[in-house]
Amino acid sequence: MRAPNLQRVTGAMALALAALAMSFSAPQAAVAAVPGGSGAATGSGAATAATAARAAGRPIGRGEVMDRAWSWIAEQVPYSQSGCHENRFGCYRPDCSGYVSMAWNLDSSLTTWTLWNVTSDIPAAELQPGDALLRDSGGTDHVALFVRWADEAHTRPVVRETYDFGHVPEERVWNDGLRGFTPRRYDQLDDLMPYGSIGAKYDALGGAGGPLGPPASGERDSMMGGRFQAFRNGIVIWHPNAAFAVYGDILARFWATDAERRWGFPTMDEAEAGQSPGGSRGRFQLFERGLFLWSQQTGAHVVHGAIQDAFRANGNERALGYPVTDETDEGADGKVQKFQNATIHWNPSRGTWITTN
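The structure presented is a predicted model; accordingly, all values stated were derived computationally and were not measured. (Residues numbered from 1 in each chain as written. Predicted model: local features only at pLDDT ≥ 70, side-chain atom pairs only at ≥ 80, totals over all residues. Heavy atoms only, no water.)

> Help me get a handle on the pattern of salt bridges, residues and values and all.
A side chain with one charge can pair with a side chain of the opposite charge if their charged atoms come near. Taken as a whole and judged by the stated rule, the model has 20 salt bridges. Among the ionic pairs, R62 bridges to D131, the shortest N-O distance being 3.2 Å. Linking R62 in helix α4 (residues 62–75) with D131 in the loop between β4 (119–121) and β5 (132–137), this pair joins segments that are 69 residues apart in sequence. Residue classification places D131 among the buried residues on the basis of a relative accessible area of 0%. The salt bridge partner of D309 is R312, with a shortest N-O separation of 2.9 Å. Of this pair, D309 and R312 both sit in helix α9 (residues 305–313), 3 residues apart, which is roughly one turn of that helix. One connected set of salt bridges, linked through shared partners, spans R62, D131, R185, D191 and R220. (Salt bridge = Lys/Arg side-chain N within 4 Å of Asp/Glu carboxyl O. Helix = DSSP H or I, 4+ residues; strand = E, 2+ residues; numbered from the N terminus. Buried < 20%, exposed > 50% of the residue type's maximum accessible area, 1.4 Å probe, protein only.)

Listed below in structure tokens is the structure:
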């Protein structure tokens with residue numbers, strides 16, 4: 001945790017950011033029933049006329065891709081291999097490749113043969129919202145937009161597609177896997193551009209000029225069913241249906257203690273904590289299964305379980321001071337945690353009690 005000006009980045013934080021790929025799992029399960037991950041494409045018309053007017057063929061973020069794709073689902077555009085469907089995003093041929101061309105804001109409607117020219121191969125494990133599944137072999141000529149995985153084993157992709165006469169674009173699960181389709185990524189797709197609920201939180205904190213700094217990676221799946229995006233100084237992590245920022249020493253401590261696998265997701269942004277009896281002031285952030293507290297004098301520590309209950313019931317940091325250790329073992333089956341002005345003990349037979357330091 002850090003002081004409100006957020007200018008301090010600790011060595012532990014730098015190491016944590018450098019170890020980002022090991023701090024979270026590879027993409028895994030579906031991220032709830034919200035189209036496009038962290039709320040990027042809900043059919044709410046989030047893409048504006050100004051966005052639509054952007055010159056075709058320029059870099060595009062995943063959020064805009066998924067908003068554009070949702071527009072044809074919402075409008076129930078009939079499949080056709082001729083003509084074009086026109087809406088605020090332009091006029092494109094209403095077949096599978098025209099649909100993807102529209103979602104990517106290409107200059108014109110390409111075909112399943114020419115989409116190869118504007119995309120590159122990626123491993124299936126790297127598929128993210130707005131990437132494509134493309135095939136033009138074995139009697140199959142089709143392309144679909146990847147949305148997410150429907151299962152933790154990554155065998156059933158959720159896609160958005162329009163696929164035959166008599167049908168309209170829809171989001172559905174391919175229960176028979178990739179079935180010969182090649183994962184492809186549009187060459188002008190800007191993976192770093194924040195979107196959805198994560199983008200909204202990032203913008204609310206001041207974007208690149210705020211405490212998080214510029215993006216360092218694209219949005220990805222977290223370990224426990226949410227989504228996160230890393231920035232130079234921290235992360236924004238989302239779990240239905242809210243996104244919160246974690247940074248500084250609190251993030252370093254969060255990562256060092258098994259992150260959301262142990263503590264769950266944050267339930268608030270970092271905020272100012274109370275003043276201790278000795279004058280210390282700090283910051284705090286609540287997670288689903290723990291309270292992270294930081295002060296300049298004590299660093300960042302986690303308070304949880306029965307000790308957290310006793311800490312809260314006895315005046316928290318305003319009475320007991322900030323934690324100076326994490327919870328440790330005491331005796332055969334007890335726990336203890338030291339604070340600036342007191343120590344909280346716990347064991348299963350006696351419960352919790354407090355001694356003064």
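Anyway, onward from the coordinates.
> I'd like a rundown of the packing of aromatic side chains, residues and numbers included.
Remark: the centre distance and the inter-plane angle together describe each pair of aromatic rings, the angle taken between the planes. Summed over the entire model, instances satisfying the criterion amount to 11 aromatic pairs. Taken together, a centroid distance of 4.3 Å and an interplanar angle of 15° make the contact between Y202 and F231 stacked. Highlighted residues: Y202 in helix α6 (residues 196–204) and F231 in strand β12 (residues 227–231), separated in sequence by 29 residues. Residue Y202 is classed as buried on the basis of its relative accessible area of 5%. The interplanar angle of 55° and the centroid separation of 4.8 Å between the aromatic rings of F287 and F292 together place this pair among those described as tilted. Like F292, F287 is buried. One Lys or Arg, R172, reaches over the ring of Y163 and ends 3.9 Å from the middle of that ring. (Phe/Tyr/Trp six-rings, centres within 6.5 Å; stacked < 30°, edge-to-face > 60°. Lys NZ or Arg CZ within 6 Å of the ring centre and 35° of its normal.)

> Which residues make up the side chain of H345, and what values go with them?
One can find H345 in strand β21 (residues 342–347). Side-chain polar atoms of H345 contact the side chain of E330, separated by 3.0 Å. One polar contact links H345 to T355, side chain to side chain, over a distance of 2.9 Å. (Polar contact = N/O pair within 3.5 Å; in protein donor to acceptor, adjacent residues only side chain to side chain.)

> Any details on unusual backbone geometry? Residues and values, ideally.
The omega torsion of the bond from P240 to N241 falls at 0°, within 30 degrees of zero and hence cis. For D258, which is not glycine, the phi dihedral falls at a positive 80°. Along the chain, D258 falls in the loop between α7 (248–256) and α8 (259–263). Positive phi is not limited to glycine here, since A259 has a value of about 50°. Among the residues examined, A259 registers a relative accessible area of 2% and is labelled buried.

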